[in-house]
Amino acid sequence: MAIRKIVTIDDKNDVLTTRAAEIDPKELGSADFVTLIDDMVETMRVEDGVGLAAPQIGVGKRVYVADTEDGPIALVNPEFTKRSKKTGKYEEGCLSIPGKFGIVRRASEVTVKALTIDGREVTFVAKGFFARVMQHEMDHLDGILYIDRIKEQQG
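Student: Is there a simple way to think about the side chain of Glu 92 in this case?
Tutor: In this fold, Glu 92 is placed in strand E4 (residues 87–94). In this structure Glu 92 comes out as buried when scored by relative accessible area, which is 5%. Polar side-chain contacts of Glu 92 include one of 2.6 Å to the side chain of Arg 106. In contact with Glu 92, other than residues within four places in its own chain, are Lys 100, Phe 101, Gly 102, Val 104, Arg 106, Arg 132, His 136 and Tyr 146.

So this is what it looks like as structure tokens:
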């Protein structure tokens, strides 16, 4: 396992603003993929994050990791199949935008469908803070930063 460098908005790298590529399920379980996930979890923990998307370490693939009460999870090619109409505004920060915070409105609940690192399909409902983390990390996979959401909500 290795700690990877976090790509920031100050870097000359468009990986943060480009939609990440779908992962071929045949990649799952490969040594390179397992190393990527292990590195992402270790990097997230060292940086005191609660989630980390592959683009944040310069990898343009649709995978993110997040901490849960039961330990870290990795979600491959995730998608939301449902979002609640109920929303809430809360302060967010981002490892890719160090030292900055802003208020973002997000759905209070989302239904997530994804593959696990061993290729199983999972579907679950994320609520509250965990739903916020899911949406923040999904935005990274779509090339959206939380500061984009702030601008969108002000306009």
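Here the narrative resumes.
Student: Can you help me understand the pattern of salt bridges in this one?
Tutor: Pairing between side chains becomes possible if they bear opposite charge and their charged atoms approach one another. Counted under the stated rule, the structure contains 12 salt bridges. Notably, a salt bridge pairs Asp 142 with Arg 19, separated by 3.8 Å at the nearest N-O pair. Of the two residues, Asp 142 is situated in the loop between helix H2 (128–141) and helix H3 (146–154) and Arg 19 in the segment before helix H1 (31–46); the sequence distance between them amounts to 123 residues. Linking Asp 67 and Arg 45 is a salt bridge whose minimum nitrogen-to-oxygen distance equals 3.8 Å. Of this pair, Asp 67 sits in strand E2 (residues 63–68) while Arg 45 is found in helix H1, placing the two residues 22 residues apart along the sequence. Note on Asp 67: relative accessible area 29%, which makes it partly exposed. Each member of the salt-bridge network shares a partner with another, and the members are Glu 92, Arg 106, Arg 132, Asp 139 and Arg 149.

Student: Explain the packing of aromatic side chains here, please?
Tutor: Applying the stated criterion across every chain, the model contains 1 aromatic pair. On the numbers, 6.1 Å between centres and 25° between planes, the contact of Phe 124 with Phe 130 is stacked. Residue classification places Phe 130 among the partly exposed residues on the basis of a relative accessible area of 23%.

Student: Before we go on, may I ask you to explain the sheet that holds strand E1 (residues 51–53) in this structure?
Tutor: Pairing in this open sheet of 5 strands is antiparallel, and the strands run E1-E2-E3-E6-E7 from one edge to the other. At either end of the open sheet lies a strand with only one pairing partner, and these are E1 and strand E7 (121–127). In this sheet, adjacent strand axes meet at a mean angle of 40° when their direction is disregarded. For E1 and E2, the ladder comprises 3 bridges, and the chain directions are antiparallel. Bridge pairing in E2 links Gly 51 to Ala 66. Contacting E1, E2 and strand E3 (71–83), H1 crosses the sheet at an angle of about 45° to E2. With respect to the sheet, H2 is in contact with E1, E2, E3, strand E6 (109–115) and E7, its orientation differing from that of E2 by roughly 160°.

So, how was this worked out
- Along each chain, residue indices are assigned from 1 in the same order as the chain's sequence is written.
- Local features in this predicted model are restricted to residues whose pLDDT is 70 or higher, and side-chain atom pairs enter the listing and the counts only when it is 80 or higher, whereas totals over whole chains, interfaces and linings include all residues.
- Excluded from the side-chain calculation are hydrogens and water; included are all heavy atoms of the structure.
- Only DSSP runs of H or I covering at least 4 residues are called helices, and only runs of E covering at least 2 are called strands; the numbering of each starts at the N terminus.
- A 1.4 Å probe rolled over the protein chains alone gives each residue an accessible area, and that area as a share of the maximum for its type sets the label: buried under 20%, exposed over 50%, partly exposed in between.
- In the analysis that follows, any N or O atom pair within 3.5 Å is treated as a polar contact, provided that within protein one partner can donate a hydrogen and the other can accept it, and provided that, for residues neighboring in sequence, both atoms belong to side chains.
- Only heavy atoms matter for contacts: two residues are in contact if any of them lie within 4.5 Å across the pair.
- Salt bridges are identified by distance alone: a Lys or Arg side-chain nitrogen within 4 Å of an Asp or Glu carboxyl oxygen.
- Two rings belonging to Phe, Tyr or Trp (six-membered ring only in the last case) form a pair when the distance between their centres is within 6.5 Å. Interplanar angles under 30 degrees mark stacking, angles over 60 mark edge-to-face geometry, and anything in between is tilted.
- The rule for pairing is simple: two strands pair if DSSP sees at least two bridges between them.
- Axis definition: a line fit to C-alpha positions, over the contact stretch in the case of helices; interaxial angles, taken between N-to-C directions, run 0 to 180 degrees.

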